[in-house]
Amino acid sequence: MPNFENYLEYGYWHFDVIRHIFALTVAAFLAGLVYFALTMKDVAPRYRLSNVISAVVMVSAALEIFQLWLLWNRSFDYDATAGLWTRNEGMIFSNGYRYANWSIDVPMLLTQLLVVLGFTGRAFWDNWGKFTTAGLLMIWTGYVGQYYEPAVAGFSDTQAVAPFWIWGGVSTLFYLYILYLVYSVTHNPPDRLSPQVATEMNRIWLLLLCAWTLYPLAYLVPAVWVSDEAVVVRQVLFTTADITSKLVFGIMLSRAARHRSIEEGYGPSLAVQGEIYPDRIERPHRAHEPAE
Ligand code: RET
C-alpha cells in the first residue's frame, strides 16, 4: 500500500516546494560531508570516529534523499489544462526509503554521541547494544504502521485503521526508551565534563529531543490532515528533522569534541582555537596544570 502522497493532486507551488526541499537537503548533506571530512584532523584521535560517522551519515542520507527527489519527479506529470500535477499511472512515491535510511543513521548518530561523551569498553558496548536494538525496533515497527496510511487518511474501505495506531504506539514506546537513555548518557557521562562541554551536551540533548520528535509528527499528518498542503507540511517536517538531527547534531558534536580535545591539550585543536580566540592562545596548556 502506498503513502497518502499518491492519492492527491498538487498545485504548481506545492509540487515545486517539495522538489526544492529535496534538492536543498541533498546539497546540505554534500556540504556537510566536506565539513566533516575537513575538520576531522582538528579533534583528538579518540573523538575522530564522530566525524567519520557524520561523513557516513551524510553520504547515506544524501543518496536516499536524491532517490526520493528522482522518485517524486517521476511519479507525477503536469496537466497543463488543469494546472495540476497528477500521478503517473504505475509509479508509486514512497517514504519507505526514509525508514531504510534511518536503519543506518539512527544507530550511527547514537554511536557518535557515545564516542564524544567518552564511553569506552564495556560501558560503550552496553549502551551501544541498547541504542541499536531500540532504534531498529522503533523504526521497523513504524515502518509497518505507515503501510496503513491509506486507511487512516480515508482512501481505503478495505484496509484496517487500527494497525496504524498500534504499530505507531509500539514504535513510540521504543522512542521514549531511547530518549530516556540519551538523557541518562548525556547527563551522566563516564568522565567529568568541563562546564562548557556539559552545557554543550545539554544543548545536544535538547536538539535531539526537538528534532527527533518531528518524525512522529510527520507520521501523524495523514491521520489529522489530508490535502496537498498537508503533504507539503509533512515533507517540510521530514526535511527539518533530517537537517537538524543529522547535520546540525553532527556539527554540534564535532564542536564539543574539539572543545574536549582543547581541554586535553591536543595540539591541532589548540591551533584552531588560536585562530578563533587569539586572546586565549597565551595559555594553551591549562589542562595539564595541577588543580588548585
Ligand atoms: C516513527 C513511527 C511513529 C512513532 C515514532 C517514530 C519515530 C521516528 C524517529 C525517527 C528518527 C530518525 C532519525 C533519522 C536520522 O537519520 C518511526 C516515525 C516515535 C524518532 C533520527
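This text follows the structure it describes.
Definitions and limits used
- In this convention, every chain numbers its residues from 1, walking through the sequence in written order.
- The predicted nature of this model means local features are confined to residues of pLDDT at least 70 and side-chain atom pairs, given and counted, to a pLDDT of 80 or more, with totals for whole chains, interfaces and linings taken over all residues.
- Side-chain measures were taken over the full set of non-hydrogen atoms in the model, leaving aside hydrogen atoms and water.
- Only rings of Phe, Tyr and Trp enter the pairing, Trp through its six-membered ring, and a pair is recorded when the two centres are within 6.5 Å. The plane angle decides the type: under 30 degrees is stacked, over 60 is edge-to-face, the rest tilted.
- Helix numbers and strand numbers start at the N terminus; a helix is a DSSP run of H or I with at least 4 residues, a strand a run of E with at least 2.
- Buried residues are those whose accessible area, probed at 1.4 Å on protein chains only, stays under 20% of the maximum for their type, while exposed residues exceed 50% and partly exposed ones sit between those limits.
- We call a residue near a molecule or strand when any one of its heavy atoms sits within 4 Å of it.
- By the criterion applied in these results, polar contacts are pairs of N or O atoms within 3.5 Å in which, for protein atoms, one can donate a hydrogen and the other can accept it, and in which residues neighboring in sequence qualify only through two side-chain atoms.
- Accessible surface is estimated by sampling points in the Shrake-Rupley manner with a 1.4 Å probe; for residues, cover comes only from the protein chains shown.
- All amino acids are sorted into three groups, where Ala, Val, Leu, Ile, Met, Phe, Trp, Tyr, Cys and Pro are nonpolar, Asp, Glu, Lys and Arg are charged, and the leftover types, Gly among them, are polar.
- Should a side-chain nitrogen of Lys or Arg be within 4 Å of a carboxyl oxygen of Asp or Glu, the pair is scored as a salt bridge.
- Exposure above 30% relative accessible area and the absence of a salt bridge qualify a residue for a patch, where like charges join within 9 Å and nonpolar side chains (Val, Leu, Ile, Met, Phe, Trp, Tyr) within 5 Å.

Right, let's talk about the packing of aromatic side chains for a bit. Scanning the entire structure with this criterion turns up 26 aromatic pairs. Centroid distance Tyr 12 to Tyr 78: 5.5 Å. Interplanar angle 85°. Geometry classified as edge-to-face. Taken together, the positions of Tyr 12 in helix H1 (residues 12–39) and Tyr 78 in strand E1 (residues 76–79) put the pair 66 residues apart, joining distant regions of the chain. Judged by its relative accessible area of 41%, Tyr 12 falls in the partly exposed class. Ring centres of Phe 164 and Tyr 219 lie 4.5 Å apart, and the angle between their planes is 15°; this geometry places the pair in the stacked category. Here Phe 164 is found in helix H6 (residues 162–187), whereas its partner Tyr 219 is found in helix H7 (residues 195–224), with 55 residues between them in sequence.

The next subject is the site of the ligand. The environment of the ligand is formed by 17 residues, the closest being Asp 105, Ser 171, Trp 212, Tyr 215 and Lys 246. Between an oxygen atom of the ligand and a side-chain N or O atom of Lys 246, the distance comes to 2.6 Å. In the complex, 99% of the free accessible area of the ligand, which totals 540 Å², lies under the protein chains. Every element with two or more residues in the shell around the ligand is listed here: helix H3 (96–117), helix H4 (121–145), H6, H7 and helix H8 (228–263). Each residue belonging to the shell around the ligand can be placed in one class, and the counts come to ten nonpolar, five polar and two charged.

Turning to the pattern of salt bridges, a few remarks are in order. Scanning the model with the defined rule gives eleven salt bridges in all. Of the charged contacts in the structure, one is a salt bridge between Glu 5 and Arg 234, with a shortest N-O distance of 3.0 Å. Here Glu 5 is found in the segment before H1, whereas its partner Arg 234 is found in helix H8, with 229 residues between them in sequence. Considered together, Glu 5 and Arg 234 belong to a single accessibility category, that of buried residues. Between Lys 41 and Asp 42 there is a salt bridge; the shortest N-O distance is 3.5 Å. A network of salt bridges, in which partner residues are shared, links Arg 46, Asp 191, Arg 260 and Glu 264.

Quick look at a nonpolar patch on the surface now. Taken together, the side chains of Val 161, Trp 165, Leu 217 and Leu 220 make up a nonpolar region of the molecular surface, amounting to roughly 340 Å² of accessible area. Of note, Leu 220 is situated in helix H7. Exposure remark for Leu 220: the relative accessible area of 31% places this residue in the partly exposed category.

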